[in-house]
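As a plain string of letters, each chain reads:
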Amino acid sequence: MQVGKVKSLLTRRVVIPAIVAGSALSLCAYEVVKPGSAVMAAPAYTSAAAPLDDNSVGALLSLDQAMETLAARVTPAVVNVTVTSKVNAQQQAGDDEDGQEGQQQMPPMFGPGSPFGQFMPGQRQQGPAIEHGLGSGVIISPDGYIVTNNHVIDGAIDIHVTMSNREVYSAKLIGADPLTDLAVIKIDGKNLPSVPWGDSSKLRPGQLVLAFGNPLGFRFTVTRGIISALNRPNPSGSDRHKPGQFIQTDAAINQGNSGGALVDARGELIGINTFIISPTGSFAGMGFAIPEQIVQNTVNTLIRDGKVNHGVMGVTIADVTPDNAKFFQMNKAVGALVSDVASDSPGSKAGLKTGDVITAFNGKEVSDAGELQAEVSQKQAGDTIQLGVARDGKTLNIPVTLAPLDGKGEHEVAQNGPGKGRWGMSLGSLTPDVRNQLQLPQNVQGAVIQDVRSGSPADNAGLQSGDVIVSVNRKPTTSASDAADALKGVPSGQDALVLVWSQGGNSFRVLHPSNG
């Protein structure tokens, strides 16, 4: 959090009580000066109505008691994490330059490089700086292992943990994983309170949850809400390789809640609070947590190895949608659609092709691209996975041996979302000058989009000037005339499927013909 915002928040905390105090003084003065006759004339009143009896509100009282029991059980295992971090010049620049996208802004709630970090005022300096911040953590074992977010401890040179009973421990970093934004720290202790693991695969929207943490410096806070949605995709525009599958909740989460616990009604850890979506940087009803399935696997690996050696296939994947399913002979809009395969990658070596639909992972059905991305991210480099693949109406079983994440740019990227003629765009050839201007790889061939008419099928599909049409209806296009002829050949009233190179990767788009 910027210093100015902290000062503003503190000011508001002071102003509101001051207004109330001023009003109280005015009332007292009025009582002193009004005549005694007025006091004598004050009307009598009857006593207030009796409270509802326990039988009438027994269910609510039982719920209160259950929530109190749950909060009392979990709170001792939730800790305040105080970090002293060294921030270099690049990270400081990131504080000011991190993407601001209006209502779609999704800041982490603490950490160097975050525009909404919960930092103490007066710490920023020129050059390398020392900053102090507050976050949250959850004790997961009686001997002192604690899970938190990577962005809480990123760059830490000193970590301290405060328990709910005010005991303070020095903590050491066991391991961190930037890809999943998880970290494990440890304190020395025995018989410490801890939270048992739950099972996030069994969660359902509407289920009651409690969120624990230290929002805005107010330690050991608990909020109540429900699971609003499951399997939310990765919202990070800065790194599309990060897995999604986030739990969305309306339990209040604010800056400083990062690393805190999201628990179910049994007090089981089902997620780690990580970020919010808000136009202001404060809680707006949408908080997100990393699901237990990702957390527990990552934590176990960090405790064992100190790091996670993620494996990747080297493909770009997207959801199969009702719009594009028919182009891949899919009866249902399920699976992960391969829109690009990196050359010399594990996926390429295994025989995966653009246009394949991955329908199964190690014998388990794949519902969408986010699910497959999360599953693959939990595997280690060198592991061999078994994929069920639908290709041109046929089902194939393809084994893929994963490569390290830090290999030759081989990552799984799950994409979110979705004469100008009848399609509303003009095309041009990829001349050497255009290729250089767009910084296109040599293996990208096709037709460059020069202009898109507003409200046209191309515009509605999200196409933009500078995008390159690589294929039409799954047939490669090597030039502007190829692409134009292919689009002209689409029967009137039918959709067209185009494979588009845009912003460093391929994606499929469906063009719906205009009614006009």
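As the structure is a computational prediction, the values presented were derived from the model and not from experiment.

Despite not being glycine, aspartate 181 shows a phi value in the positive range, around 60 degrees. Take aspartate 181: its relative accessible area is 13%, and that puts it in the buried class. The phi dihedral of glutamine 245 falls on the positive side, at around 65 degrees, and the residue is not glycine. Tracing the sequence through the fold places glutamine 245 in the loop between strand 8 (221–232) and strand 9 (246–249).

This structure, assessed with the given rule, holds three aromatic pairs. Note on phenylalanine 246 and phenylalanine 275: the rings are 5.0 Å apart at their centroids and 85 degrees apart in plane angle, and the pair reads as edge-to-face. Placement of phenylalanine 246 in strand 9 and of phenylalanine 275 in strand 11 (residues 269–276) is noted, with a sequence separation of 29 residues between them. In terms of burial, phenylalanine 246 and phenylalanine 275 fall into one category: buried. Ring centres of phenylalanine 328 and phenylalanine 508 lie 5.1 Å apart, and the angle between their planes is 80 degrees; on these two criteria the pair is classed as edge-to-face. Each member of the pair, phenylalanine 328 as well as phenylalanine 508, carries the same accessibility label: buried. Aromatic ring contacts, followed pair by pair, group Phe246, Phe275 and Phe288 into a single cluster.

It is worth spelling out the pairing of strand 11 at this point. Buried residues dominate strand 11, accounting for eight of its eight residues. Two successive antiparallel strands, strand 10 (residues 261–263) and strand 11, enclose a turn made up of five residues, where glycine 267 displays a positive phi of approximately 80 degrees. One ladder, built from five bridges, connects strand 11 with strand 12 (residues 287–291); its direction is antiparallel. Paired with isoleucine 272 across the strands is isoleucine 290, a residue of strand 12.

With six of eight residues buried, strand 18 (residues 384–391) is to be regarded as a mostly interior element. In terms of strand pairing, strand 16 (residues 357–361) meets strand 18 through four bridges, oriented antiparallel. Bridged to phenylalanine 361 within strand 18 is leucine 387. Two strands pair when backbone bridges link them, and strand 18 and strand 19 (residues 394–401) are joined in this way by eight bridges, in the antiparallel orientation. Following the sheet pairing, glycine 388 is matched in strand 19 by asparagine 397.

Overall, the predicted model of the protein reaches an average pLDDT of 80, with 79% of residues at or above 70. Across residues 1–39, where pLDDT falls below 50, the model places 20 contacts with residues more than four positions away in sequence or in other chains. In the predicted structure, residues 407–411 sits below a pLDDT of 50 and forms 13 contacts with residues beyond four places in sequence or in another chain.

This part is about helix 11 (residues 480–488). Residues Ala480, Ala483 and Leu487 constitute the buried set of helix 11. Around the axis of helix 11, the buried residues are gathered within 70 degrees of arc, so they sit on the same side. The outward face of helix 11, more than 90 degrees from its buried face, is lined by the exposed residues Asp485 and Lys488. Buried residues along helix 11 sit in contact with strand 22 (425–429), strand 23 (447–452), strand 24 (468–472), strand 26 (496–502) and strand 27 (505–511).

Take the sheet that holds strand 11 next. Either a parallel or an antiparallel arrangement is found when strands of a sheet pair, and the pairing is made through backbone hydrogen bonds. One closed barrel accounts for six strands, arranged 7-8-9-12-11-10; its pairing is antiparallel. When strand polarity is set aside, the average angle formed by the axes of neighbouring strands in this sheet is 45 degrees. Bridge analysis of strand 7 (residues 208–213) against strand 8 gives six bridges, and the strand direction is antiparallel. Residue leucine 208 lies in a different strand from strand 8, and its bridge partner there is isoleucine 226. Relative to the sheet, helix 6 (residues 292–305) contacts strand 11 and strand 12, its axis offset from that of strand 12 by approximately 50 degrees.

You can see phenylalanine 283 is positioned in the loop between strand 11 and strand 12. Judged by its relative accessible area of 29%, phenylalanine 283 is partly exposed. Along the primary structure phenylalanine 283 and alanine 252 are separated by 31 residues, whereas in three dimensions their C-alpha atoms are 6.4 Å apart. Setting aside anything within four residues of it in sequence, one finds phenylalanine 283 in contact with Asp250, Ala251, Ala252, Ile253, Asn254 and Ile276.

Summed over the entire model, instances satisfying the criterion amount to seven salt bridges. Salt-bridge contacts for lysine 326 lead to aspartate 495; the nearest nitrogen and oxygen are separated by 3.1 Å. Between arginine 391 and aspartate 356 there is a salt bridge whose closest N-O contact spans 2.7 Å. Taken as a pair, arginine 391 in strand 18 and aspartate 356 in the loop between helix 7 (346–350) and strand 16 lie far apart in primary sequence, 35 residues in all. Classification of arginine 391 as buried rests on a relative accessible area of 18%.

Mapped onto the elements, arginine 435 comes out in helix 9 (residues 432–438). If sequence neighbours within four positions are ignored, arginine 435 has contacts with Leu430, Leu440, Pro441, Gln442, Val444 and Gln445.

An ideal rise of 1.5 Å per residue puts 24 Å on 17 residues; helix 3 (residues 58–74) measures up with 24 Å between its terminal C-alpha atoms. Three or more residues of helix 3 are buried, namely Met67, Leu70, Ala71 and Val74. Down the axis of helix 3, the buried set is contained in an arc of 95 degrees. They therefore lie on one face. Residues Gln65, Glu68, Thr69 and Ala72 are exposed on helix 3 and point more than 90 degrees away from its buried face.

Calculation rules
Residues numbered from 1 in each chain as written. Predicted model: local features only at pLDDT ≥ 70, side-chain atom pairs only at ≥ 80, totals over all residues. Heavy atoms only, no water. Buried < 20%, exposed > 50% of the residue type's maximum accessible area, 1.4 Å probe, protein only. Helix = DSSP H or I, 4+ residues; strand = E, 2+ residues; numbered from the N terminus. Phe/Tyr/Trp six-rings, centres within 6.5 Å; stacked < 30°, edge-to-face > 60°. Pairing = 2+ DSSP bridges. pLDDT = per-residue confidence, 0-100. Contact = heavy atoms within 4.5 Å. Arc of directions from axis to C-beta. Axes fitted to C-alpha atoms, helices over the stretch in contact; angles between N-to-C directions. Salt bridge = Lys/Arg side-chain N within 4 Å of Asp/Glu carboxyl O. Expected span 1.5 Å × (residues − 1).

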